[in-house]
Amino acid sequence: MKDFRFQVNLGGMIEILSDHLYSSPDVYIRELLQNGVDAITGRMIREREEQEAGHSCPETAGKIVLEIEEGSRLTFSDNGQGLTEDEIHQFLAIIGESSKRNPADGRIRTDYIGRFGIGLLSCFMVSDEIRMLTRSSSGDSPVLEWQGKPDGTYTISKSEQELTGREDMPFGTQVILSAKPGREAYFTEKVIRRLITYYGMLLPFPILVRIHGKEEQINPIYLPWDGRETNKQELMLFGQMMFEEQFMDCVPLRSESGNVSGVAYIVQYPVLPSAKGSHRIYLKNMLLTEKGDNLIPDWAVFTKCIINATDLRPTASREGFYVDEVLEAASETIEDALIDYIADIAENEREMFDHFFHIHKLTLMSLALATPKLFGILVDYCEFETTRGLVTGYDLRTCAEPLVYAPTEAKYKQLSQLFFAQDKLLINVSYVHSLELLIRLGQVYGLEVHPVDDWSVEDLMKDLTPDDQDDCFGFQKAANRILKAYDCRAELKYFSPYNQPTFYLMDEKILLKRQIEASRSQADSMFYQMLDAFTAEIPSDTAAVLYFNYNNPLVKKLAERETEADLKILVEILYVQALQIGGFTLHNNELGMLNRNILTLMERGLADE
């Protein structure tokens, strides 16, 4: 059986890189920087091995130079290990092959940033041809010129320097690119400086930009926590410089798994829990991504992190990390460090914690629910709206009375005045996380927590005395006849405040029925029939209750009236007023009824003058 070899369409491969693998042509600078750093690292490894073998070998001081011809040409130079002709054929002509592999076992050495052997192809996104001059640092190697084209062809020859007998090119590599039409912006000083700063600010070798014969080093930065003790002030200044903003505090991060180190900076402005982080995640000092996916906890939106990893595996696009056990262990260590930080400042730096919680309370409320270790700390600071004003979780767990809550904003608005008047606690849990926190509070501390119901409301009211019941019997029958048209019945009670003549109470079924009726008034024929079907499922005897307060002087006078026509006007007005106080939307017939009754009373008043 004959074996056949796969063929690679280089043009198609470049399209895959530009359209699917890399996020933008920006990455061509990243790939050049990475190849340059890896080439310098390779030369230093080789020199170190020779020194260990007893050979005399000077140490190379690595350097990268980018020479710019504005808008048209870029020459990228490194003084790394260079390539021999055999290495060019092996590593540039075979897609996926990499010069970073250990010859002994075929694995990528951890000293290198790159892994996949496709980085140089990214240059085809901005240039129609890649020209490379290279001289290997191994032995007496010539200067070679390689030219590659997007159609998959390439040439190798001795360079013009070599042919003229000049061998003044030092060891290393030059990559020469000319801008393809439409990509001229990627060859301007402004864009190249920005990309070097973005991707290579923390690289361990000097990066210089040369233009019009003048050179300037771009990356004078180092990681302040590497290899020495540092203090918080120095870390804060470093974060301020990198992100160009002031921070509230910082948290050192370190994980043996993945050899990860860095700092999490606490921002001093509110951030939505759904926000995506803006971090600086480096792999061997080369910027990998601004996203903290799978490494920084999703809930840590109040942080901006600078993290450098040595032993985590990058994805093929080098815009994220490969998810494996090493990454998961590093992520868990980072999460534990942030949790420990919150617990520590809550216990030992109360003023800072108060400020921290005030700014990031939405995120921290969510974190309290997700992290049992932090619930007891954070819930005491969570705030709840109640009939006694804003109270904290600590106030609720120490108040020594049942924690009764209104499940919706409408219910709370409806009942709050009644509870407030009698100094009874009612909690509004319509806000984000409020209900979950309250229920968890009851579970953790063994408290009685339950929703408000009709029995809870009627506990705030007293039944009429037998004599008052007899006096009001006729009024109650008349009020029930009047209110029946509005799916409501009348009750007379004593309750506070005395100046509130009525109180309207509906259950969820009546609320649903009102909502359906409101929708029916605006629906077309098809939806009208659908809404009718929903209404049919609601029991016909369902009714709201309008409580009349017999402590109120107006209600007492109203109960003495015998003319039902007069009662109808006044009862309907009180019914609509009770709806408005409870925060319920009026239907068209109710608003029209209110207007008619008010006009009738005005006409009577004018007629009596």
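What counts, and at which threshold
- Residues numbered from 1 in each chain as written.
- Predicted model: local features only at pLDDT ≥ 70, side-chain atom pairs only at ≥ 80, totals over all residues.
- Heavy atoms only, no water.
- Helix = DSSP H or I, 4+ residues; strand = E, 2+ residues; numbered from the N terminus.
- Buried < 20%, exposed > 50% of the residue type's maximum accessible area, 1.4 Å probe, protein only.
- Contact = heavy atoms within 4.5 Å.
- Areas by Shrake-Rupley, 256 points an atom, 1.4 Å probe, with all protein chains shown as cover.
- Pairing = 2+ DSSP bridges.
- Axes fitted to C-alpha atoms, helices over the stretch in contact; angles between N-to-C directions.
- Arc of directions from axis to C-beta.
- Polar contact = N/O pair within 3.5 Å; in protein donor to acceptor, adjacent residues only side chain to side chain.
- Patch = residues over 30% accessible without salt bridge, like charges linked within 9 Å, V, L, I, M, F, W, Y side chains within 5 Å.
- Salt bridge = Lys/Arg side-chain N within 4 Å of Asp/Glu carboxyl O.
- Lys, Arg positive; Asp, Glu negative; His and termini not counted.
- Charge placed at Lys NZ, Arg CZ, Asp CG, Glu CD.

Caption draft 1: Representation of the overall build of the protein chain within the structure. When its secondary structure is counted, the protein chain shows 20 helices and 21 strands. The buried share of the protein chain, reckoned over its 609 residues, is 47%. Counting contacts in the protein chain only where the partners sit at least 6 residues apart, residues at least 24 apart contribute 67% of the total. Of the roughly 31400 Å² of accessible surface on the protein chain, 50% is carried by carbon and sulfur atoms.

Caption draft 2: Representation of helix α9 (residues 361-370). Within α9 the residues assigned to the buried category are T363, L364, M365, L367, A368 and L369. Check the buried side of α9 and you find it contacts α7 (325-348), α8 (350-359), α10 (372-378) and α13 (434-445).

Caption draft 3: Summary view of the sheet that holds strand β19 (residues 488-493). Read across the open sheet, the three strands follow the order β19-β21-β20; overall the sheet is mixed. Every interior strand has two partners, whereas the edge strands, β19 and β20 (502-505), have only one. With direction set aside, neighbouring strand axes in the sheet form an average angle of 25°. Relative to strand β21 (residues 544-549), β20 runs antiparallel, the two being bridged by four bridges. Opposite Y504, over in β21, you have L546 as the bridge partner. The sheet strands contacting helix α19 (residues 564-581) are β19, β20 and β21, and the helix crosses β20 at an angle near 60°.

Caption draft 4: Molecular detail of helix α18 (residues 553-560). By the burial criterion, the buried members of α18 are V555, L558 and A559. One face of α18 carries all of its buried residues, which in axial projection span an arc of 100°. Pointing more than 90 degrees away from the buried face of α18 are the exposed residues K557 and E560. Residues of α18 that are buried make contact with α15 (466-483), β21 and α19. The residue sitting at the N-terminus of α18 and contributing the capping side-chain oxygen is N552; that oxygen lies 2.9 Å from the backbone nitrogen of L554.

Caption draft 5: Just a negative patch on the surface, in detail. A contiguous patch of negative charge on the surface is contributed by D467, D470, D471 and E560. Take the negative patch: its biggest share by element is three residues, from α15. For D471, the location among the structural elements is in helix α15. The exposed category is assigned to D471, whose relative accessible area is 53%.

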